[in-house]
Amino acid sequence: GTQICFAPSDIQTKVVSFETLQGGITDTAVPGDNMGFAVTENIKKEDLHRGYVCGDLNNDPPRETLSFEGYVYFNQHSEKIEKGRKITVDCHTVHVACEVVEIKEKLNKRDGSVVEKNPELLGPGDFALIKFVPTKPICVEAFGDYYSLGRFAMRGEHTQNIGIGIIASVEKK
C-alpha cells in the first residue's frame, strides 16, 4: 500500500505485494533478504535503469540530483584536477561523468582545517571540498542522511581510480 517513486525519473506507483527471489509472496523480510515487489502501475523494464533509487513518496522521497558537494581525498597516483574538468563518479550502482564546477576548499588531511580557499588545482594526496554537477540525471544523497548513497569513487581519463569521497550536501530538483 505504500506510495513509492523512482529517482531520478520520478516514476510513481503503489506497492501491491512483496516477493522473495525464490518466487514466494511474503509479508515480512529481514536484513539481508533479496526481495522484489509488485506495483499497481505497469512499469516497463526499459523505464528503470541501473542506479535508480526507490523510496517512500510521502517520507523523504528520492529526487534527481542537480549538484552535490563532496569531501574528496585524491590518492597518491591521481591526476591533477582543475575547475571545469569532467571525471567519472561511481556512487552506489551508478557511473556518471560529473563536472567539477567549483573547488571550494583545500583541507588539511589531519584536522580538516582550511588550507586554501578556491584553489585552482588539486593533485595527488590532496583533500578538498568540491562541487560537482552530473552530466546525466542521477540520484545521490548526503552521507549523513543515507550513507549507502553518500559514498563515491572517482575515475580519471584512463579509468584509473583517482580518489574517494563522501557527499556533504545535495541540491535536488
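Before reading further, recall that the structure is shown in the block above.
Not measured: the values here are computed from a predicted model.

Talk me through the overall build of the chain; I want residue IDs and the actual numbers.
In terms of regular secondary structure, the chain is built from zero helices and 14 strands. Counted from the first residue to the last, the chain has its helices and strands arranged as β-β-β-β-β-β-β-β-β-β-β-β-β-β. Oriented by its inertia axes, the alpha-carbon framework of the chain measures out at about 55 × 30 × 30 Å. Here the chain, with 173 residues, has 38% of them falling under the buried criterion. Contacts in the chain between residues far apart in sequence, at least 24 positions, make up 63% of those at least 6 positions apart. Carbon together with sulfur atoms contributes 48% to the accessible area of the chain, which is approximately 10100 Å² in total. Computed over 20 positive and 25 negative side-chain charges, the inter-centroid distance for the chain is 4 Å.

Please give an account of the pairing of strand E14 (residues 161-172) that cites residues and values.
In the sheet, strand E6 (residues 65-74) pairs with E14 via nine bridges, with the strands oriented antiparallel. From the neighbouring strand, Phe 74 faces E14, where its bridge partner is Gly 163. Counted along the chain from strand E13 (residues 151-155) to the antiparallel partner E14, the turn is five residues long, and its residue Thr 159 has a positive phi close to 60°.

For the side chain of Asp 126, give the residues involved together with the corresponding values.
With respect to the element layout, Asp 126 can be found in the loop between strand E11 (121-122) and strand E12 (127-134). The exposure class assigned to Asp 126 is buried, which follows from its relative accessible area of 14%. At a separation of 2.8 Å, a polar atom in the side chain of Asp 126 contacts the main-chain amide nitrogen of Gly 123.

Quick one: what's the story with the side chain of Ser 67, residue by residue and with numbers?
Secondary-structure assignment places Ser 67 in strand E6. Under the relative-accessibility criterion, Ser 67 is labelled buried at 5%. Only 2.8 Å separates the side chain of Ser 67 from the side chain of Glu 171, close enough to count as a polar contact. With sequence-adjacent residues up to four places away left out, Ser 67 is seen in contact with Lys 131, Phe 132, Val 133, Pro 134, Val 170 and Glu 171.

Could you give me a rundown of the pattern of salt bridges, with the residues and numbers involved?
Counting across every chain of the model gives nine salt bridges. Between Glu 79 and Arg 85 there is a salt bridge, with the nearest N and O atoms lying 2.4 Å from each other.

I'd like a description of the packing of aromatic side chains, backed by residues and values.
In this description, an aromatic ring pair is defined by two values, namely the gap between the centres and the angle between the planes. Within the structure shown, the criterion is met by five aromatic pairs. Here the aromatic rings of Phe 132 and Phe 152 are separated by 5.8 Å at their centres, their planes lie at 80°, and the arrangement is edge-to-face. Remark: Phe 152 occurs in strand E13 and Phe 132 occurs in strand E12; sequence separation between them is 20 residues. In textbook terms, an aromatic cluster arises when at least three aromatic residues are bridged by ring pairs, as seen for Phe 68, Phe 132 and Phe 152.

Rules and cut-offs
- Residues numbered from 1 in each chain as written.
- Predicted model: local features only at pLDDT ≥ 70, side-chain atom pairs only at ≥ 80, totals over all residues.
- Heavy atoms only, no water.
- Helix = DSSP H or I, 4+ residues; strand = E, 2+ residues; numbered from the N terminus.
- Buried < 20%, exposed > 50% of the residue type's maximum accessible area, 1.4 Å probe, protein only.
- Contact = heavy atoms within 4.5 Å.
- Areas by Shrake-Rupley, 256 points an atom, 1.4 Å probe, with all protein chains shown as cover.
- Lys, Arg positive; Asp, Glu negative; His and termini not counted.
- Charge placed at Lys NZ, Arg CZ, Asp CG, Glu CD.
- Pairing = 2+ DSSP bridges.
- Polar contact = N/O pair within 3.5 Å; in protein donor to acceptor, adjacent residues only side chain to side chain.
- Salt bridge = Lys/Arg side-chain N within 4 Å of Asp/Glu carboxyl O.
- Phe/Tyr/Trp six-rings, centres within 6.5 Å; stacked < 30°, edge-to-face > 60°.

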